[in-house]
Amino acid sequence: MTTQTAPTVKDVSVPQGNKTTQSTTALSGGVTGADQPAADRGRTSIADVVVVKVAGIAAREIPGVYDMGGGLSRTIGAVRDRVPGGRPNVGRGVKVEVGERQTAIDLDLVVEYGVPITDVARDVRENVISAVERVTGLDVVEVNVTVNDVHLPEEDGEAPTTDSRVE
C-alpha cells in the first residue's frame, strides 16, 4: 500500500483596501479516497493570526510581564481598551513568521520593575514555545524577546501621597 501526500501549500491573501494581510499555512497535506483513514482526508491550515494570539496569551501568563508592544502600539491599545465594546488586542507586541512546518516569533515586552528580566524572558520563551507547539503543531524555531520598557509602580496614575508642610 502506498500513501500519497498532497504538497503543503502556503496561501497568502492579498490586501484589499484597508484590510490587513493574512496568510495561512497548510500543516498537513491530505489525500483523497475512501480507502484512506479519516484523519488523512483533507488538509489543515493555520492562519498567522492564530499563532500571534496563542503566543500573545502565553506571554501575558508569565508573572512580571506588565504589558506588550512598543510605545505607539501601547498608546493606541490603551485608547482602544477604553472604548466601550472594545476588546484588548492579545496580539499586540507579537510578530510571527510562519512556514510550512515551523514558526519564528518576536515579542516586545514591558516588564514590572524589580523582576529579574532574564528570568522573565526565559519563562516567557518557554511558555510561548510550549503553547504554540501544543496548540498549532508547528515547530517553534526561535522566540526573540525584546524588553522595551520597565513599568514603575508610580506610573499607575496614583500620585504619591506626601504630607503637606502647610495647612
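Before going into details, it helps to say that this report is about the structure given with it. Residue numbering note: each chain is counted from 1, following its sequence as written. Side-chain atom pairs in this predicted model are given and counted only at pLDDT of 80 or more, local residue features only at pLDDT of at least 70, and totals for whole chains, interfaces and linings cover all residues. To get the side-chain values, all heavy atoms of the structure are used, and hydrogens and water are removed first.

1. Quick word on the pattern of salt bridges
Selection rule: Criterion for a salt bridge: a side-chain nitrogen of Lys or Arg within 4 Å of a carboxyl oxygen of Asp or Glu. Numbering of helices and strands runs from the N terminus; a helix is a DSSP stretch of H or I covering at least four residues, while a strand is a stretch of E covering at least two. Only protein chains enter the accessibility calculation, which uses a 1.4 Å probe. A residue is then buried if its area is under 20% of the maximum for its type, exposed if over 50%, and partly exposed in between.
In this structure the tally under the stated criterion is four salt bridges. Among the ionic pairs, Asp119 bridges to Arg122, the shortest N-O distance being 3.3 Å. Placement of both Asp119 and Arg122 in helix H3 (residues 117–136) is noted, with a separation of three residues, approximately one turn of the helix. Exposure remark for Asp119: the relative accessible area of 30% places this residue in the partly exposed category. Judged by relative accessible area, which is 40%, Arg122 ranks as partly exposed. Via salt bridges that share partners, Asp119, Arg122 and Asp123 belong to a single interconnected network.

2. Quick look at the packing of helix H1 (residues 48–60) against H3
Between two packed helices, what matters for the description is the angle formed by their axes and the separation of those axes. As a reminder of what qualifies: Axes here mean lines fitted to C-alpha atoms, for a helix over just the part in contact, with angles spanning 0 to 180 degrees between N-to-C directions. Each angle is binned into one of four classes, with values under 35 degrees roughly parallel, values over 145 roughly antiparallel, values of 65 to 115 roughly perpendicular, and all other values oblique. By the definition used in this description, the sense in which the near helix is turned from the far one sets the handedness, with an anticlockwise turn below a right angle giving left-handed and a clockwise turn giving right-handed. Whether two residues touch is decided by their heavy atoms; if any such pair falls within 4.5 Å, the residues are in contact. Polar here means any residue outside two lists: the nonpolar Ala, Val, Leu, Ile, Met, Phe, Trp, Tyr, Cys and Pro, and the charged Asp, Glu, Lys and Arg; Gly therefore counts as polar.
Running from N to C, H1 and H3 cross one another at 140°; their axes reach a closest spacing of 8 Å. One finds that H1 runs oblique with respect to H3. In this structure, H1 crosses over H3, and the sense of that crossing is right-handed. Residues Val50, Val51, Val54, Ala55, Ala58 and Ala59 of H1 touch H3, and the partners they reach there are Val124, Asn127, Val128, Ala131, Val132, Val135 and Thr136. Taken together, the residues of the contact of H1 with H3 break down into eleven nonpolar, two polar and no charged.

3. A few points about the pairing of strand E5 (residues 94–98)
The following threshold applies: A strand pair is defined by DSSP finding two or more bridges across the two strands.
Covered by surrounding structure in E5 are Val94, Val96 and Val98 only, the residues Lys95 and Glu97 on the alternate face being uncovered. Relative to strand E6 (residues 102–112), E5 is paired through five bridges, and the arrangement is antiparallel. Residue pairing in the sheet places Val94 in a bridge with Leu107 of E6. Two successive antiparallel strands, E5 and E6, enclose a turn made up of three residues.

4. Topic: the environment of Val65
Relative to the helices and strands, Val65 is located in strand E4 (residues 65–68). Classification of Val65 by relative accessible area gives buried; the value is 12%. Put simply, Val65 and Val150 are 85 residues apart on the chain and 9.4 Å apart in space, counted from C-alpha to C-alpha. With residues up to four places along the chain from it excluded, the contact list for Val65 reads Ala59, Arg60, Leu109, Val110, Val120 and Val124.

5. Observations concerning the environment of Thr103
Going by this rule: Two N or O atoms count as a polar contact when they lie within 3.5 Å, although within protein this holds only if one can serve as hydrogen donor and the other as acceptor, and sequence-adjacent residues are included solely when both atoms are side-chain atoms.
With respect to the element layout, Thr103 can be found in strand E6. Given the relative accessible area of 1%, Thr103 is considered buried. Sequence separation between Thr103 and Val143 is 40 residues; the distance between their C-alpha atoms is 9.1 Å. For Thr103, the residues in contact, after removing those within four places along its chain, are Val51, Val96, Glu97, Val98, Val132, Leu138, Asp139, Val140, Val141 and Glu142. There is a polar contact of 2.9 Å between the side chain of Thr103 and the backbone oxygen of Glu97.

6. Notes on H3
The criterion, for reference: For a helix, the expected span equals 1.5 Å multiplied by the residue count minus one. The arc in question is the one traced by the directions running from the helix axis out to the C-beta atoms.
Along its 20 residues, H3 runs 28 Å from first to last C-alpha, staying within 8% of the 28 Å computed at 1.5 Å per residue. Turning to H3, its buried residues are Val120, Ala121, Val124, Val128, Ala131, Val132 and Thr136. Buried residues along H3 cover an arc of 110° about the axis, so they all sit on one side. Facing away from the buried side of H3 by over 90 degrees, the exposed positions are Thr118 and Arg134.

Scope: geometric values only; no functional claims are made or implied.
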